[in-house]
Amino acid sequence: MRTMPAELRQMKQAEAEDLFRRIGITFAVYGEGGDPDRLIPFDMFPRVFTAGEWSKLERGIKQRARALNAFLVDVYGRGEIIKAGRIPARLVYGNEAYEKAVVGFVPPKGVYSHIVGIDIVRTGAEDFFVLEDNCRTPSGVSYMLENREIMMRMFPDLFRENRIQPVDSYSERLRRTLASVAPAKCRHEPTIVLLTPGHFNSAYYEHSFLADLMGIELVEGQDLFVEGEYVWMRTTEGPKRVDVIYRRIDDAFLDPLCFNPSSMLGVPGLMDVYRSGGVSICSAPGAGVADDKAVYTFVPEMVRFYLGEEPLLQNVPTWQCAKADDCKYVLDNLGELVVKEVHGSGGYGMLVGPKSTKEQIELFRAKITEDPGNYIAQPTLALSTTPTFVAEGIAPRHVDLRPYCLVGEQIDLVPGGLTRVALKEGSLVVNSSQGGGVKDTWVLAE
Amino acid sequence: MLSRTADNLYWISRYMERADIAARLLEVGSRISLLPSAHGYRSEWDSLLQASGTAAGFAKKYGDPVQRNIESYLFFDRDNPASVASCITAARENARIVRTALTSQVWDALNTAFQELRQLERTPRSELELSLMVDWVTRHAAMVRGAIDATLLRNDGYNFLNIGYYLERGDNTARLLDVKYYVLLPSLELVGSGLDNYQWTTLLRAMGAQRAFHWAYGGDVTAAKIAHFFILNPQSPRSLITCVAGMNNHLARLSKAYGRVTGAQGRAAAMLAELETTTVEAIFDEGLHEFLSRFIGESMVLGNLMHECYLSGDVR
């Protein structure tokens, strides 16, 4: 790729963009907002992992996904980790994402988060850090699949010459994962649906793409209703029972009777059916309490507590402004730190100290002083870079990685993920709303 | 399939057919505008607005029918729900919602039409020739239709798409016929005159059927032949009987696949039975306008039954 003439590269780039637009991938990654018809820049230079690197990552990712699920079952059950004093009760029970409506309920197979998206950065040959966990509805997996399709179409020779592990089994594995958590009451082949907020949602393309690959119906709240002990969908032949709902809407919109009463997106009565075991919801309502940025600090503790293992993936050291000592340190060192809102996402509401002006830093100082509990801070990591095509040729750019770990009866991980790249020189922010792009992610076979 | 999905499919085809009709109306208009502006031909534009059911909306926005305004209104105007731009946008939006029920070829055809439409909208009007715009619409409508026929699974979704096409087409044929007969020729002495013949020829042109008509009938153009061609001739692709037979065919497939018969099948069968047994003479005896009004009413009832029996989501 390094030796590719500039004209050929430009031609290939145009070809890739045309392919993207034709197939209609023009959505923003969840929570990042933006024009739904906008194209996310695609960088043709793949990001490569060796088999050895991947096997280490894989073990770490699976370990973390297991611990997060164990934590969720625990905090909606007996709360052993809190009784043991390993995590403050306030952080869990006082958390906005803690759903009192599901306390005492254990979802099928004890799984709350069926798709765990773990955002990982690399700082050295052996050093991987977790930036954050996404236990609710991590998006972007359609990019992982489509980036690969496009690369294979454009550079078949590279795939012939290198032993690149395929990712296209993801949809089948996801379907199997969802089927494996069907409710005990379901004694037939389960009917699975994907619940979307609708076609105005920025990730709608991904929803319809996944539903299509899995061969399941793509439904909106209005297509479902509750009657008796079950959830039904409205079809041209009359009501059809639904067993598993892969939802891509937030907890608050699932059931107006249980959560947000003004929601038009949800299904009235859904939570009653769920709690009586008539339907499975993936991810389970309440899973969000595990991916909070303040709870994040304690994930290594969860690994030790539930699995009795040492964590294979490290957390980025984090200062919690809610703690007086931490807060003082953060305020004294704002110029060197990255400050994030506890509930923020998409690279908004975030301060990158070394890249910020005095005014921006002072603005954050005021914000943190006013509401310290709402902020955490992390050191600026020396993030690894990957060769990337830019206007001048090839240049190093910072990247992160989001693999998608599937948790059902078994735990499963496709060799690959979504690599996001900060296209601006020196930028550390990979979010598409902030000038980020995507790359294909290659995991080489042994 | 999901009722909402079926509803989206049904409307994709209705909108595409409607866009096609709007373009055909424009073509007729443009042809007439090339003729010396003899007295009486001007009102042609008004009749076109009547036929597309947009006369009231146009009058409210622009007042008198002026060719350029009518072109804008029928082609680009988003305030006009029956304009080419509105219909193609709505069809593509419906398709986007049900991507999973379409093949990539069908989606590609609809999406390409939409993307090109956006380019047309950005092009200065002085650079757009009406005849090219009309060709553009009929070409894309045909590409969508072709992609559906060539690539789509012959399942219930295919039936809903076709029912939408036939329902819209039959309704449009009836309206166009009605406008010509009733709006333009209120006084009976004009029937059979030179003007009358000219109007009928225009009608054939609007349906893209001028040559087909002459192949089928030969000789002079008469009101009876035209009525037969557009109402009772099963060879004519846009005749009422062709459309109603098409609906019956796809409704029958639905009832077979679902193992149940609904009110829609009964209504469509009754409409077909009447068209199969009636004659042009009987239609003229009843009054062409009366007959067509009745047909338009029955189409509407059938549309409501489709909604009730398949598309609304309240099916039991």
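The structure displayed is predicted, hence computed values, not measured ones.

As a further point, take the overall build of chain B. Tallying secondary structure elements over chain B gives 15 helices and zero strands in all. For chain B, restricting intrachain contacts to residue pairs at least 6 apart in sequence, the fraction spanning at least 24 positions comes to 70%.

Attention shifts here to the overall build of chain A. Per the secondary structure count, chain A includes 13 helices and 21 strands. Relative to its length of 446 residues, chain A is compact, with a C-alpha radius of gyration of 22 Å against a globular reference of 22 Å. Expressed along its principal axes, the backbone C-alpha trace of chain A runs to roughly 65 × 55 × 40 Å. Residues counted as buried form 45% of the 446 residues belonging to chain A.

Contacts between the two partners involve 17 residues from chain B, matched on the other side by 16 residues from chain A. Secondary structure elements with two or more residues in the side of chain B that touches chain A: α1 (3-33), α5 (84-97) and α6 (104-122) of chain B. Sort the elements by how many residues they give to the side of chain B that touches chain A and α1(B) lands first, with three residues.

Let us look at the sheet that holds strand β7 (residues 230-235) of chain A. All names here are of chain A. Overall, antiparallel pairing links the three strands, which are arranged β6-β7-β8 in an open sheet. Two strands bound the open sheet, and with one partner strand each, they are β6 (224-227) and β8 (238-242). Strand-to-strand twist across the sheet, computed as the mean angle between neighbouring axes with direction ignored, equals 45 degrees.

A few words now on unusual backbone geometry. All names here are of chain A. Across the junction of Cys282 and Ser283, the peptide omega takes the value -10 degrees, indicating a cis bond. Positive phi, normally seen in glycine, also occurs at Lys109, with a value near 60 degrees. Among the secondary structure elements, Lys109 is positioned in the loop between α4 (89-93) and β2 (115-122). Residue class for Lys109 comes out partly exposed when judged on the 16 C-beta atoms lying within 10 Å of it.

Moving on: the domain arrangement of chain B. All names here are of chain B. Entries for chain B in the domain assignment read domain 1 (1-152) and domain 2 (154-316). Listed by contribution, the elements that provide at least two residues to the side of domain 1 that touches domain 2 are α1 and α2 (43-51). Across the side of domain 1 that touches domain 2, the residue classes tally to 14 nonpolar, six polar and seven charged.

All names here are of chain A. With five of five residues buried, strand β20 (residues 418-422) lies mostly within the body of the structure. Where β20 meets strand β21 (residues 436-443), four bridges bridge the pair, whose relative direction is antiparallel. Residue pairing across strands places Val421 opposite Gly437, the latter belonging to β21.

Moving on, we come to the pairing of β7(A). Residue and element names in this part refer to chain A. Extensive coverage of β7 is indicated by the burial of five of its six residues. Strand direction decides the pairing type here: β6 and β7, joined by four bridges, are antiparallel. Paired with Glu227 across the two strands is Tyr230, which belongs to β7. In this antiparallel pair of consecutive strands, β6 and β7, the connection spans two residues, and Gly228 shows a positive phi of 60 degrees. Pairing geometry for β7 and β8, over five bridges, is antiparallel. Residue Met233 lies in a different strand from β8, and its bridge partner there is Lys240. Between β7 and the antiparallel strand that follows it, β8, lie two residues.

With that out of the way, let us pick up the nonpolar core. Leu68(A), Ala19(B), Ala22(B) and Val84(B) are the most contacted members of the largest nonpolar core, which has 205 residues in total. Residue contributions to this core peak at 14 residues, all from α1(B). The residues contacting Leu68(A), other than those within four sequence positions of it, are Ser113(A), Val116(A), Asp133(A), Cys135(A), Ala290(A), Val299(A) and Met302(A).

Below, the discussion takes up the confidence of the model for chain B. Residue and element names in this part refer to chain B. Considering every residue of chain B, the mean pLDDT works out to 87; 90% of them sit at 70 or more. Taken together, the stretch residues 183-187 has pLDDT below 50 and engages in seven contacts with residues farther than four places along the chain or on a different chain. With pTM at 0.84, the complex prediction returns an ipTM value of 0.81.

Quick look at the domain arrangement of chain A now. One widely used convention gives an interface's size as the accessible area the parts lose upon coming together. Taken domain by domain, chain A comprises domain 1 (6-309 + 383-443) and domain 2 (319-379). Using C-alpha coordinates to define each centre, domain 1 of chain A is positioned 27 Å away from domain 2 of chain A.

All names here are of chain A. By the element assignment, Val111 lies in the loop between α4 and β2. Classification of Val111 by C-beta neighbours within 10 Å gives buried; the count is 25. Taking the C-alpha atoms as reference points, Val111 and Arg66, separated by 45 residues in sequence, lie 9.1 Å from one another. Setting aside residues up to four positions removed in sequence, Val111 forms contacts with Asn69, Val181, Val407 and Gly408.

With that settled, consider the sheet that holds strand β4 (residues 192-195) of chain A. Two strands in a sheet stick together by hydrogen bonds in their backbones, pointing the same way (parallel) or opposite ways (antiparallel). Residues and elements named next belong to chain A. Pairing within the open sheet is parallel, and its four strands lie in the order β5-β4-β9-β10. Here the strands that pair on one side only, and so sit at the sheet edges, are β5 (217-219) and β10 (280-282). Adjacent strand axes in the sheet meet at a mean angle of 30 degrees, parallel and antiparallel pairs treated alike. Sheet analysis places strand β9 (residues 244-247) next to β10, joined by three bridges and oriented parallel. The residue of β10 that forms the bridge with Tyr246 is Cys282.

Our focus in this paragraph is the packing of helix α13 (residues 263-277) of chain B against helix α15 (residues 288-311) of chain B. Residue and element names in this part refer to chain B. Contact geometry for α13 and α15: axes closest at 8 Å, N-to-C directions at 160 degrees. By the angle class used here, α13 and α15 are roughly antiparallel. The hand of the α13/α15 crossing is left-handed. Contact with α13, carried on its side by Gly263, Ala264, Arg267, Ala268 and Met271, involves Glu298, Val301, Leu302, Leu305, Met306 and Cys309 of α15 and no other residues of that element. By residue class, the composition of the contact of α13 with α15 is eight nonpolar, one polar and two charged.

Turning our attention to the packing of helix α2 (residues 51-75) of chain A against helix α11 (residues 299-307) of chain A. Helices that pack against each other are described as a pair by the angle of their axes relative to one another and the distance between those axes. Residue and element names in this part refer to chain A. At a minimum axis separation of 9 Å, α2 and α11 run at an interaxial angle of 80 degrees. Comparing the axis directions of α2 and α11 gives the class roughly perpendicular. Facing Gln63, Arg64, Arg66, Ala67, Leu68, Ala70 and Phe71 of α2, the residues of α11 in contact are Val299, Met302, Val303, Tyr306 and Leu307. Looking at the contact of α2 with α11 residue by residue, the class counts come to nine nonpolar, one polar and two charged.

It is worth spelling out the confidence of the model for chain A at this point. The pLDDT averaged across chain A works out to 88; a share of 93% of its residues lies at or above 70. Contacts from residues 26-36 of chain A, a stretch scored under 50 in pLDDT, to residues over four places away or in other chains number 37 contacts.

A few words on the environment of Ile376(A). Residue and element names in this part refer to chain A. Summarising the element assignment, Ile376 is placed in strand β15 (residues 375-379). Looking at Ile376, the number of C-beta atoms within 10 Å reads 25, which means it is buried. What Ile376 contacts, discounting residues up to four positions off in sequence, is Lys293, Ala294, Thr318, Trp319, Gln320, Cys321, Lys340 and Val342.

Time to look at the environment of His289(B). Residues and elements named next belong to chain B. In this fold, His289 is placed in helix α15. C-beta crowding within 10 Å serves as the criterion here: with 13 such atoms nearby, His289 is assigned to the partly exposed category. With 115 residues separating them along the chain, His289 and Ala174 place their C-alpha atoms 9.5 Å apart.

Here is what the cut-offs are and how they apply
Counting starts from 1 at the beginning of each chain's written sequence and moves along it residue by residue. Each chain is given a letter, starting from A, and each ligand a number, starting from 1, according to the order in which they appear as written. Whole-chain, interface and lining totals are the exception, using all residues; otherwise, since this is a predicted model, local features are given only for residues with pLDDT of at least 70 and side-chain atom pairs are given and counted only at 80 or more. Counting from the N terminus, the helices are DSSP H or I runs at least four residues long and the strands are E runs at least two residues long. Here, residue contact means that the backbone-derived C-beta atoms of the two residues sit within 7 Å. The quantity called the radius of gyration is restricted to C-alpha atoms. Its globule counterpart is 2.2 Å times the number of residues to the power 0.38. Residue burial is a threshold on neighbouring C-beta atoms within 10 Å of the residue's own C-beta, all placed from the backbone, with 20 or more meaning buried, 12 or fewer meaning exposed, and counts in between meaning partly exposed. One requirement defines pairing of two strands: DSSP has to find at least two bridges between them. Whenever a helix is involved, its axis is fitted only over the stretch in contact; in every case the axis is a line through C-alpha atoms, and angles between N-to-C directions fall within 0 to 180 degrees. Throughout the structure description, domain borders are defined by an automatic or database domain assignment. When residues are sorted by character, Ala, Val, Leu, Ile, Met, Phe, Trp, Tyr, Cys and Pro go into the nonpolar class, Asp, Glu, Lys and Arg into the charged class, and all the rest, Gly among them, into the polar class. Definition of nonpolar core: a set of buried Ala, Val, Leu, Ile, Met, Phe, Trp, Tyr and Cys residues joined via C-beta atoms within 7 Å. The predictor reports its confidence for every residue as pLDDT, a score running from 0 up to 100. Working definition: roughly parallel below 35 degrees, roughly antiparallel above 145 degrees, roughly perpendicular at 65 to 115 degrees, and oblique for all remaining angles. Each crossing gets its handedness from the near helix: less than a right angle anticlockwise from the far helix is left-handed, clockwise is right-handed.

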